[in-house]
Amino acid sequence: MAVACFNFNPVLSPLVPAPPGRRVGAAFLRPRAASLGPLAGGAVVGRVRWQLAAAAEPQAVQEQPARTEVSGEAAAAGPSETSSKLVLVVGGTGGVGQLVVASLLSRSIKSRLLLRDPEKAESLFGKQDESVMQVYKGDTRNPNDLDPQMFEGVTHVICCTGTTAFPSKRWDGDNTPERVDWDGIRNLVSALPRTIKRLIFVSSIGVTKYNEIPWSIMNLFGVLKYKKMAEDFVRNSGIPFTIIRPGRLTDGPYTSYDLNTLLKATAGERRAVVIGKGDKLVGEVSRLVVAEACIQALDIESTEGQIYEINSVKGDGPGTDPEKWKELFSSAQST
């Protein structure tokens, strides 16, 4: 078993208003049997667009007349230069996915969301300029929904789709583990262009032990088995990949809130990060830590072709520091 531990203490920058009058474009939608492209026209949504600035007191929430300061662990500290990446996020309104999207927005990394219900994107993230975020309608369970135009220009993919391990309302509409974790992933990966620089796939700890107690209980309806099948499909696809296997997810999900709420999200005391290999870790992990691990792995070459388990424990952590994350991933490989 290879394990690396680092403290996780991301700093969230406060939101301050940009100059008024910025035009905000409509998101991209693709109704079935219709051409891909932007909605007709754009829209001006108010006279203030929130943008990130450097945080002076990341651990405090202060109310001031001129600005709103927030603390949390969902985003990088301060604005970054515009990135050349175009990251496709699949499952971007789920528990981990929404935090991934919020963090990409904070970093000025262009994202494209593939969603069954595009309206959820606006409720969570507001109306974003199409140069920042695009939203396409599609269901990975239906290969006919995955029009090649959806993937044009995409450089990286973060896939964090999923459903519950046991029957629940989330299974309504054939949203079972077999359909989501196996059929959906197989369809998505088959449709992706082979020019993708990296596919980050969020799986689960315990996938290699689904016939063993206690994992067999979690796998009563096949969730771990289907995730392992999906992992194998990703590994054999020829696309550069990194697989992240989180422990039991904590913090959130923050669904049905908004971007400002996501940016205030905090992992509390559980910011220290433990990364292992060999499916030996047992424990919990903050969704915020998983989201940050996905984003960091996009650029760390040593993570290509690797599978990691990830937990979080009490303590400070690497935050959004790429060098600390690089050390964390590398230590897990070399131990």
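The name that an unreviewed UniProt entry assigns to the protein is NAD(P)-binding domain-containing protein, with the source organism given as Urochloa decumbens.

This part takes up the pattern of salt bridges. One pass over the full model with this rule turns up 13 salt bridges. The partner of K227 in a salt bridge is D181, and the shortest N-O contact between them spans 3.2 Å. One end of the pair, K227, is in helix α5 (residues 223-235); the other, D181, is in helix α3 (residues 177-191), with 46 residues separating them in the sequence. Pair check on accessibility: K227 and D181 agree, each one buried. Residue D183 pairs with R186 through a salt bridge whose shortest N-O separation is 3.1 Å. Taken together, the residues span about one helical turn, with D183 and R186 both in helix α3 at a distance of three residues. With a relative accessible area of 26%, R186 lands in the partly exposed category. Residues participating in the shared-partner salt-bridge network are D174, R179, D183 and R186.

On to the environment of Y308, then. Within the secondary structure layout, Y308 lies in strand β15 (residues 306-313). Taking C-alpha positions, Y308 is 6.3 Å from I243, a pair spaced 65 residues apart along the chain.

Among the eight residues that make up β15, seven are buried, leaving the element largely enclosed by the rest of the structure. Direction of pairing for strand β13 (residues 272-277) relative to β15: antiparallel, over a ladder of five bridges. Opposite A272, over in β15, you have V313 as the bridge partner.

Excluding glycine, most residues fall at negative phi; most peptide bonds, likewise, are trans. In this model, I213 is joined to P214 through a cis peptide bond whose omega is 5°. Locating P214 in the fold gives a position in the loop between β10 (198-202) and α4 (215-218). Residues other than glycine seldom take positive phi values, yet S108 does so here, at roughly 60°. Among the secondary structure elements, S108 is positioned in the loop between α1 (97-106) and β7 (110-115). Unusually for a residue other than glycine, D279 sits at a positive phi of about 60°. Looking at the secondary structure, you find D279 in the loop between β13 and β14 (284-286).

Further remarks concern the pairing of β7. Among the six residues in β7, five count as buried, and that is most of the element. Sheet topology note: the strand β6 (residues 86-90)/β7 ladder contains five bridges and is parallel. Opposite L86, over in β7, you have K110 as the bridge partner. On the question of chirality, the crossover connecting β6 to the parallel β7 by way of α1 is right-handed. Taken together, β7, helix α2 (residues 119-125) and strand β8 (residues 133-137) constitute a β-α-β crossover, and its handedness is right-handed.

Before going further, it helps to spend a moment on the layout of surface pockets. For the largest pocket, the calculated volume is near 1300 Å³. Broken down by secondary-structure element, the contributors of at least two residues to the lining of the largest pocket are β7, α2, α4, α5 and β12 (248-250). A breakdown of the residues in the lining of the largest pocket according to their chemical character gives 18 nonpolar, 20 polar and eight charged.

Model confidence for the protein is summarised by a mean pLDDT of 77, while 69% of its residues fall at 70 or above. Here residues 7-80 is modelled with pLDDT under 50, and outside its nearest four sequence neighbours on either side it reaches 186 contacts, counting other chains as well.

Another aspect to go through is the state of the cysteines. Chemically, a disulfide is nothing more than a covalent bond linking the sulfur atoms of two cysteines. Applying the stated rule across the entire model yields zero disulfides. Free of any disulfide, C159 has its nearest neighbouring cysteine sulfur in C160, separated by 6.6 Å. Among the residues examined, C160 registers a relative accessible area of 11% and is labelled buried.

Scoring rules and cut-offs
Residues numbered from 1 in each chain as written. Predicted model: local features only at pLDDT ≥ 70, side-chain atom pairs only at ≥ 80, totals over all residues. Heavy atoms only, no water. Salt bridge = Lys/Arg side-chain N within 4 Å of Asp/Glu carboxyl O. Helix = DSSP H or I, 4+ residues; strand = E, 2+ residues; numbered from the N terminus. Buried < 20%, exposed > 50% of the residue type's maximum accessible area, 1.4 Å probe, protein only. Pairing = 2+ DSSP bridges. Right-handed = clockwise from strand over helix to strand, strands pointing away. 1 Å grid on protein atoms, 1.4 Å probe; cavity = no way out; pocket = protein on both sides within 12 Å on 5 of 7 lines; lining within 4 Å. Points joined across faces, edges and corners; volume = space filled by probe spheres on them. Nonpolar A, V, L, I, M, F, W, Y, C, P; charged D, E, K, R; others polar. pLDDT = per-residue confidence, 0-100. Contact = heavy atoms within 4.5 Å. Disulfide = S-S within 2.5 Å.

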